Every structure is written in structure tokens, then in C-alpha cells.
Amino acid sequence: MDFLSIAFLGTPLWMWFTFIGLVIALLVLDLGVLHKDGAQEIGVRESLKLSTMYIALGLGFSGFVWWQMGWDATANYLTAFVVEKTLALDNIFVIALIFGFFAIPRAYQHRVLFWGILGVIVLRGIMIGLGATLVAQYGWILYVFAAFLIFTGIKMLTVADKEHDIGENALIRLMRRMFNVTDGLRGNAFFVTEPDKAGKVTRFVTPLFLALVMIELADLVFAVDSVPAVFTITTDPFIVYTSNIFAILGLRALYFALAAILHRFAYLKYALAILLVFIGSKVFAADLMGWAKFPPSLSLGITFAILGAGVAVSLWKTRGQRAELAH
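For every chain, the first residue of its written sequence is number 1, and the numbers climb from 1 along that sequence. Reporting of local features is limited, given that this is a predicted model, to residues whose pLDDT is at least 70; pairs of side-chain atoms are given and counted only at 80 or more, and all residues count toward the totals for whole chains, interfaces and linings. Excluded from the side-chain calculation are hydrogens and water; included are all heavy atoms of the structure.

Another aspect to go through is the overall build of the protein. Scanning the protein for helices and strands turns up 11 helices and four strands. Only protein chains enter the calculation, and the probe is 1.4 Å; a residue is then buried if its accessible area is under 20% of its type maximum, exposed if over 50%, and partly exposed in between. Across the 327 residues in the protein, those meeting the buried criterion constitute 49%. Only heavy atoms enter the contact rule, under which two residues are in contact if any of them lie within 4.5 Å. Put simply, of all contacts in the protein between residues at least 6 apart along the chain, 78% involve residues at least 24 apart. Accessible surface computed for the protein: about 15,700 Å², of which carbon and sulfur atoms make up 67%. Elements are defined by DSSP. Helices are runs of H or I of four residues or more, strands are runs of E of two residues or more, and each kind is numbered from the N terminus. Under the convention used here, a 1.4 Å probe and the Shrake-Rupley method define accessible areas, while residue burial counts only the protein chains that appear.

All right, on to the confidence of the model for the protein then. Residue-level confidence of the predictor is what pLDDT reports, using numbers from 0 through 100. Considering every residue of the protein, the mean pLDDT works out to 82; 89% of them sit at 70 or more. Per-residue pLDDT, averaged within each element of the protein, yields its smallest value for helix H9 (residues 251-258) (76) and its largest for strand S4 (residues 201-205) (90). Taken together, the stretch residues 323-327 has pLDDT below 50 and engages in 11 contacts with residues farther than four places along the chain or on a different chain.

What follows deals with the pattern of salt bridges. Definition used for salt bridges: Asp or Glu carboxyl oxygen within 4 Å of a side-chain nitrogen of Lys or Arg. Scanning the model with the defined rule gives three salt bridges in all. Close ionic contact of Glu84 with Arg124 constitutes a salt bridge, the shortest N to O distance being 3.4 Å. With a gap of 40 residues between them, Glu84 in helix H3 (residues 71-101) and Arg124 in helix H4 (residues 106-137) connect regions that are remote in the sequence. For the pair shown, Glu84 and Arg124 are each scored as buried.

Two faces, one strand: in a regular strand the side chains alternate between the faces of the sheet. Relative to S4, strand S3 (residues 191-195) runs antiparallel, the two being bridged by five bridges. Looking across to S4, one finds that Phe191 is bridged to Val205. At least two DSSP bridges between two strands are needed for those strands to be called paired. Connecting the antiparallel pair S3 and S4 is a turn made up of five residues, with Gly199 showing a positive phi of about 90°.

Once that is clear, we can look at unusual backbone geometry. Even without being a glycine, Ala103 presents a positive backbone phi close to 55°. Taking relative accessible area as the criterion, Ala103 reaches 56% and is therefore assigned exposed.

In this scheme, a helix's expected span is set at 1.5 Å multiplied by one less than its residue total. Taking 1.5 Å of rise per residue, 22 residues should cover 32 Å, and helix H10 (residues 268-289) covers 30 Å from first to last C-alpha, within 8% of that figure. Think of it this way: the bend at a residue is just the angle between two axes, each fitted to seven residues, one set ending at that residue and the other starting at it. For H10, the principal kink sits at Lys282 and spans about 35°. Where H10 ends, the next residue or the one after it, Gly290, has phi of about 75°, a positive value.

Okay, empty space enclosed by the protein next. The method works on a 1 Å grid over the protein atoms by themselves. A cavity is a set of points holding a 1.4 Å probe that cannot get out, a pocket is an open set with protein on both sides within 12 Å along at least five of seven lines, and residues with an atom within 4 Å of a point line them. Grid points are joined across faces, edges and corners, and a volume is the space filled by probe spheres set on the points. Taken as a whole, this structure holds four cavities of 30 Å³ or more when the rule is applied. The volume enclosed by the largest cavity comes to roughly 80 Å³. Of all the secondary structure elements, the ones that give two or more residues to the lining of the largest cavity are H3, helix H7 (207-233) and helix H8 (237-249). Among the elements that take part in the lining of the largest cavity, H3 stands out by supplying four residues, more than any other. Within the lining of the largest cavity, the residues separate by chemical class into six nonpolar, two polar and three charged. Side-chain classes are defined by residue name, with Ala, Val, Leu, Ile, Met, Phe, Trp, Tyr, Cys and Pro counting as nonpolar, Asp, Glu, Lys and Arg as charged, and the others, Gly among them, as polar.

For helices, the fitted axis covers only the stretch in contact; all axes are lines through C-alpha atoms, and the angles between them, taken along N-to-C directions, range from 0 to 180 degrees. With their axes 11 Å apart at the nearest point, helix H6 (residues 170-178) and H7 run at an angle of 145° to one another. H7 is crossed by H6, and the crossing has right-handed handedness. Where H6 approaches H7, its residues Leu171, Ile172, Met175 and Arg176 are matched on the opposing element by Leu210, Val213, Met214 and Leu217. Looking at side-chain class alone, the contact of H6 with H7 contains seven nonpolar, no polar and one charged residues. Here a crossing is called left-handed whenever its near helix is offset anticlockwise from the far helix by less than a right angle, and right-handed whenever the offset is clockwise.

Residues spaced three or four apart along an α-helix face the same direction, because each turn holds 3.6 residues. In this model, helix H2 (residues 44-69) (26 residues) spans 37 Å end to end at C-alpha, consistent with the 38 Å of a helix rising 1.5 Å per residue. When we look at burial in H2, the residues that qualify are Ser47, Leu50, Ser51, Tyr54, Gly58, Phe61, Ser62, Phe64 and Val65. Just beyond H2, the residue with positive phi is Gly70, at close to 95°.

Together, Phe3, Ile6, Phe17, Ile20, Ile24 and Val28 line one region of the surface with nonpolar side chains, adding up to about 560 Å² of accessible area. By secondary structure assignment, the location of Phe17 is in helix H1 (residues 13-34). A patch consists of residues exposed above 30% relative accessible area that lack any salt bridge, with like charges linked at up to 9 Å and nonpolar side chains (Val, Leu, Ile, Met, Phe, Trp, Tyr) linked at up to 5 Å.

Before going further, it helps to examine the environment of Ala211. Its place among the elements puts Ala211 in helix H7. A relative accessible area of 0% places Ala211 in the buried class. Taking the C-alpha atoms as reference, Ala211 lies 9.6 Å from Ala103; in sequence the two are 108 residues apart. Discounting residues that sit within four places of it in the chain, Ala211 has contacts with Ile98, Phe102, Ile104 and Val112.

Stacked, tilted and edge-to-face pairs are distinguished by plane angle, under 30 degrees for stacked and over 60 for edge-to-face with tilted covering the rest, among Phe, Tyr and Trp rings (Trp via its six-membered ring) whose centres lie within 6.5 Å. According to the stated counting rule, one finds 22 aromatic pairs in the structure shown. Note on Tyr77 and Phe81: the rings are 6.2 Å apart at their centroids and 15° apart in plane angle, and the pair reads as stacked. Of this pair, Tyr77 and Phe81 both sit in helix H3, four residues apart, which is roughly one turn of that helix. Classification of Tyr77 as buried rests on a relative accessible area of 0%. By relative accessible area, which is 3% here, Phe81 ends up buried. Note on Tyr138 and Trp140: the rings are 5.9 Å apart at their centroids and 50° apart in plane angle, and the pair reads as tilted.

The structure is reproduced here in C-alpha cells:
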């Protein structure tokens, strides 16, 4: 069993296996026990319970990080987890628009989100692996990440009020040209075989599959922001990946819990934009102050302050408003 002590990306294999085993157990519990029926609608109460469980597990994992890696690593993990969770909330706005555009009923949304999250886990692993390799080989890439985050944050501040127009997406038009697409849903199926207009039996994709592809694309776009953001918090691949995945695992439950009240967090986008600017600025601030790195505890405190202010302003500004999105 000595091989379990071998370091992989700077962390012993047994720690990676512990984390991966926990993730697999959660996915099996979700698909095999909690929701055997792919067309089962998830209620708000159940969603809140699941979301609370995932958040508690994500925060609880910080105890494991503290036990094995110390307080600085724990502060970095918590900062990364909070940032990723907030970015995931922004992702939920887009997911809601995608489901609304394709008219996907709540009963089928769970299946799309579950398989979407599986794809995200693999995609994030690839992107984080590439990011870790770049950072290890070219230390200056962190300054590129930092500048990109500052630019992205400033850009988000200028377009925060603009709404996404899913119907104008070029990928949707391309897929409709490349594939035979059914004129409506076929239950919870992604693919069906049925006669085309000429009577020939043909393989079709359904709007449910198009929604899945669009959600994967949306995560790819968000990962372009989130992965550099975490690397400017810490370059430890274990902290980067675990914080990402724990934030993503609860995305499905968080979506169903918040779908009806997303309008109450409308101003959180501004806080997120400011947070990205802050995260990017930390790299340059540490150099100016002569620090080896920005203090993790200070970073965690400022992150909570920015997001807390964003939530407070959102709840105050939107008090009394009714939900604008229907599901």
C-alpha cells in the first residue's frame, strides 16, 4: 500500500482517491437511490435539502484539508469554493434561460442537469490539468490569468443589465442544420428513431439533447473565467479541483432550489464582477506589497464581504418583486 503515499500533482494518491470515492458515492446516491426515475420532478423542499447537504459537504471537506494541509490551504480552499459557488449561481441564470427557450418541463430538467454535471466534472478536470501544467512550466501565466480576470470583471460591470438571447446562438442554428431534430420533446429521451417527412425511419435528436449541449457549452464559457480565478487564489491542483467539483456537484440541487427566486439575486452579478477584479488584482497587489502571496485569510474575508454586500443589495432592491422566470 506504499503506492498510496506517492505524490500526484503534489498531493498523495490516497487523498485523491478519498475525494474521488466521495464524488462517485454522491453521484451513485443521486442517480441510483434518490432519483431512479429520470422523469421525476424535484420539489423545492427536496432541492433545498439536497443543496444544503452538498454545501455542508463542500464546507466540511475543508476540515479534511485543514487536517492534512494546514490553515493557509484551508483558507484558499474556502475562498475558491465560495467563488466557484457564486460563479455557479451566475451559471444558473443561463441554465434557466436555456430551459425556458427549449420549453423543458421541470420533470425532465433533472436528467439534463445530471448528465451535464458529469460532463462538467470531466471537462473541469482537463482544464485544471492543463492550467496546472501551464502554471508549473510558465510562472508568468498567472499574471495573464490575473489581467484576464480584471478585464472580465470590468466587462461584466458594463453588460450586467443585458440579457442573453439564446435564440441567436450560432451553435443552435448549426445543430439544427447538422442533425434531424424532432419538432418537440419525446419524453426524457435524448435520441429517438422515427419516420421523417418522406416516411424513412431516421435517427433524430430531441430538444432535450440540444439543451444538454447548450448547458455544456455554457459551462465551458464559465470555466474560462472560473479556472483562472481559482489559480490566482492557489496553484495547488488538489485545492483547485476539489473546490471546483464540490461547487459543481450541488449545481443541480441549487438550480431547483433557486429557480423560482433567481430574480431576487439580480444585483449579485455586480458583486461577482467586482470579485473577479479583486481576485485578479491580488496577484499584482502581492508584488507591490512585497508579499510572497496575498494573505489567504484576508482574501477569504474580502471575498465574503463583497458577496455578502451583493446578496444584501439584491434582496433589498428586489423586495416585493415577483418571479420573472417561469419553469
